[in-house]
Amino acid sequence: MNYGHNADRHYKASTAACKTFNRSAKFTSTPYRADRSANYLGIRFNKAILKSSIMQTQKAYIGHFAMFGANLLWGVMTPLSKAVLQNGMVSPFSLTTLRMVGAAAAFWILSIFTRREHVPPHDLAMLFFAAMLGVTINQACFIAGVGLSSPIDASVITTTTPILTMILAALYLKEPITSKKVLGIFSSAIGALILIFSARTLSTSAGQSGIFGDLLCLTAEICFACYCVFFKDLISRYSAVTLMKWMFTYASICCIPLSYRSLAAIDFASLPLNIYADIAFVVFGATFIAYLLVPIAQQRLRPTLVTMYCYVQPTVATILAVIWSMDKFTPSKVIAIILVFGGVYLVNRSKSRAQMEAEELAAAQAHSQATAQPTSIADSDTTSSSGTNTHNLDKQ
């Protein structure tokens, strides 16, 4: 009987201990499982952020290469277009119209081999205004301004484009004006100005300068800055071919009535072969291919960074002048080129509005996790103590 009584007592005690342990494990394992789930979700969240960051970096590289290529073509276009205009058989407005019509035809032909995109009437109307700012008014005012001003003045005014774009982006897109962005813009501007003034010759004397021509050049830069900022969302909706075929169609419709007589007066049969080659490069290289690359860059880069690449053009012109034995490298030119690309690097490293908002969100999430962790530990301690109290009560 005593043996049976002791066995029954030990059985009840062991059963009560197992129940207490199970209750303790049930309560104490809940925070553990929550912590494991939180860690697992955190790892997945970090992997998603890393993958997104890699994709954004790859897109940015494509944008940089596209914008550098476009400005490289525009830099090569400068001496070739001067050679065409100095011949005297083609006027500036005629060359502009040839660029618009030739590029429009090339984009429509290319669109046959690409995916067709439906553009609603509202966006077609917006593309008309984009063409006016980004192509027609920009090109017309700049060419007319260069004719009434000096090339040096026009080149100096061109360096204001990133500054105007930065101000407009801050007002319209709420992009932050950071110290890196300001320092990068002025660094590249100083480098570009050094290259421009080092290329000055006696033929560009002060007698060629005119205030009206300078105002026209400034109007051209304001129009291009407005195009980069105001139509950024529209540009991101469609492919480069769809955008450019409509924009250059609108530009051609506006340019042909203004330059019809000068185009009809060109004696194409007597044009030299080298002039034909230069015109072909200006139309298909510096217009068709360059403007095919510009929307690719605009879809991946900020407006200020897109316009920063205008400082590459005097750099390309200087390098070509050295290659063609028209100029030579000097220490000042080397410093200027370093300033130009150093400024582009600084602007690229500056934080955008999206990056700042992402950092603020990450900081808020980290703060919420830090405040939630002590609470889970306290809950775990409370659960453990309650399990211990239950065990003591069962023993009693």
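Data block above holds the structure.
Conventions adopted
Throughout, residues of each chain are indexed from 1 in the direction in which the sequence is written. Per-residue local features are limited, in this predicted model, to residues with pLDDT of at least 70; the limit for side-chain atom pairs, both in listing and counting, is 80 or more; totals at the level of whole chains, interfaces and linings are taken over all residues. Remark: hydrogens and water are excluded; side-chain values derive from all non-hydrogen atoms of the structure. Comment: elements are numbered from the N terminus, with helices defined as DSSP H or I runs of at least four residues and strands as E runs of at least two. The rule is simple: take the accessible area with a 1.4 Å probe, protein chains only, and divide by the maximum for that residue type; under 20% is buried, over 50% is exposed, in between is partly exposed. Whether two residues are in contact is decided by their heavy atoms: any pair within 4.5 Å suffices. Per-residue and other accessible areas were derived by the Shrake-Rupley procedure at a 1.4 Å probe size, with only the shown protein chains allowed to occlude residues. Each residue after the first adds 1.5 Å to the expected span of a helix. Within this analysis, the arc is defined by the directions that extend from the helix axis to the C-beta atoms. Two aromatic rings, drawn from Phe, Tyr or Trp (for Trp, its six-membered ring), form a pair once their centres lie within 6.5 Å of each other, and the interplanar angle then sorts them: stacked below 30 degrees, edge-to-face above 60, tilted otherwise. Definition used for salt bridges: Asp or Glu carboxyl oxygen within 4 Å of a side-chain nitrogen of Lys or Arg. Patch members must show over 30% relative accessible area and no salt bridge, and they are joined within 9 Å when carrying like charges or within 5 Å when they are nonpolar side chains of Val, Leu, Ile, Met, Phe, Trp or Tyr.

## Description of the overall build of the protein
- Looking only at helices and strands, the protein has 14 helices and zero strands in total.
- When the elements of the protein are put in sequence order from the N terminus, they spell out α-α-α-α-α-α-α-α-α-α-α-α-α-α.
- Taking all 396 residues of the protein together, the buried fraction comes to 39%.
- Nonlocal contacts in the protein, meaning residues at least 24 apart in sequence, comprise 90% of its contacts between residues at least 6 apart.
- Carbon and sulfur atoms make up 67% of the accessible area of the protein, which totals about 22,300 Å².

## Focus: helix α5 (residues 161-172)
- With 12 residues, α5 should cover 16 Å at 1.5 Å per step; its first-to-last C-alpha distance of 16 Å lies within 8% of that length.
- Of the positions making up α5, those classed as buried are Thr161, Pro162, Thr165, Met166 and Ala169. One side of α5 carries all its buried residues, which in axial view fall inside an arc of 130 degrees.
- Within two residues after α5, Lys174 carries a phi angle of roughly 60 degrees, on the positive side.

## Comments concerning the packing of aromatic side chains
- A complete count under the given rule lists 12 aromatic pairs for this structure.
- Look at Tyr172 and Phe230: their rings are 4.9 Å apart centre to centre, the planes differ by 70 degrees, and that puts the pair in the edge-to-face class. You can see Tyr172 sitting in helix α5 and its partner Phe230 sitting in helix α7 (residues 211-230), a full 58 residues away along the chain.
- Exposure remark for Tyr172: the relative accessible area of 47% places this residue in the partly exposed category.
- Here the aromatic residues Trp74, Phe107, Phe248, Phe288 and Tyr291 are joined through ring pairs into a cluster of three or more.

## Describing the pattern of salt bridges
- In total, this model carries two salt bridges according to the counting rule given.
- Between Arg115 and Glu117 there is a salt bridge, with the nearest N and O atoms lying 3.5 Å from each other.
- Among the salt bridges present, the one from Arg237 reaches Asp123, with a minimum N-O distance of 2.9 Å. In this pair, Arg237 is assigned in the loop between α8 (232-235) and α9 (240-264) and Asp123 in helix α3 (residues 121-148), connecting sequence segments 114 residues apart.
- Exposure remark for Asp123: the relative accessible area of 6% places this residue in the buried category.

## Brief notes about a nonpolar patch on the surface
- A contiguous nonpolar surface patch, about 570 Å² in accessible area, is contributed by Leu148, Ile211, Phe212, Leu215, Leu218 and Ile222.
- Counting residues per element, the nonpolar patch draws most heavily on α7, which supplies five residues.
- By the secondary structure assignment, Phe212 is in helix α7.
- Assessed through its relative accessible area of 51%, Phe212 is described here as exposed.

## Things to note about helix α2 (residues 92-111)
- For α2, which comprises 20 residues, the first-to-last C-alpha distance of 29 Å matches the rise-based estimate of 28 Å (1.5 Å per residue) to within 8%.
- Burial in α2 covers these residues: Ser94, Leu95, Thr96, Thr97, Arg99, Met100, Gly102, Ala103, Ala104, Ala106, Phe107 and Ser111.

## Let's talk about the environment of Phe68
- With respect to the helices and strands, the residue Phe68 is situated in helix α1 (residues 2-86).
- For Phe68, a relative accessible area of 31% translates into the label partly exposed.
- Separated by 229 residues in the primary sequence, Phe68 and Ala297 have C-alpha atoms spaced 9.1 Å apart.
- Not counting chain neighbours up to four residues away, the residues in contact with Phe68 comprise Tyr309, Val312 and Phe341.

## Here we look at the environment of Ala240
- Within the secondary structure, Ala240 is located in helix α9.
- For Ala240, a relative accessible area of 11% puts it in the buried group.
- Separated by 56 residues in sequence, Ala240 and Ile296 have C-alpha atoms that sit 6.4 Å apart.
- If we ignore the near neighbours within four places in the chain, the residues touching Ala240 are Leu292, Pro295 and Ile296.

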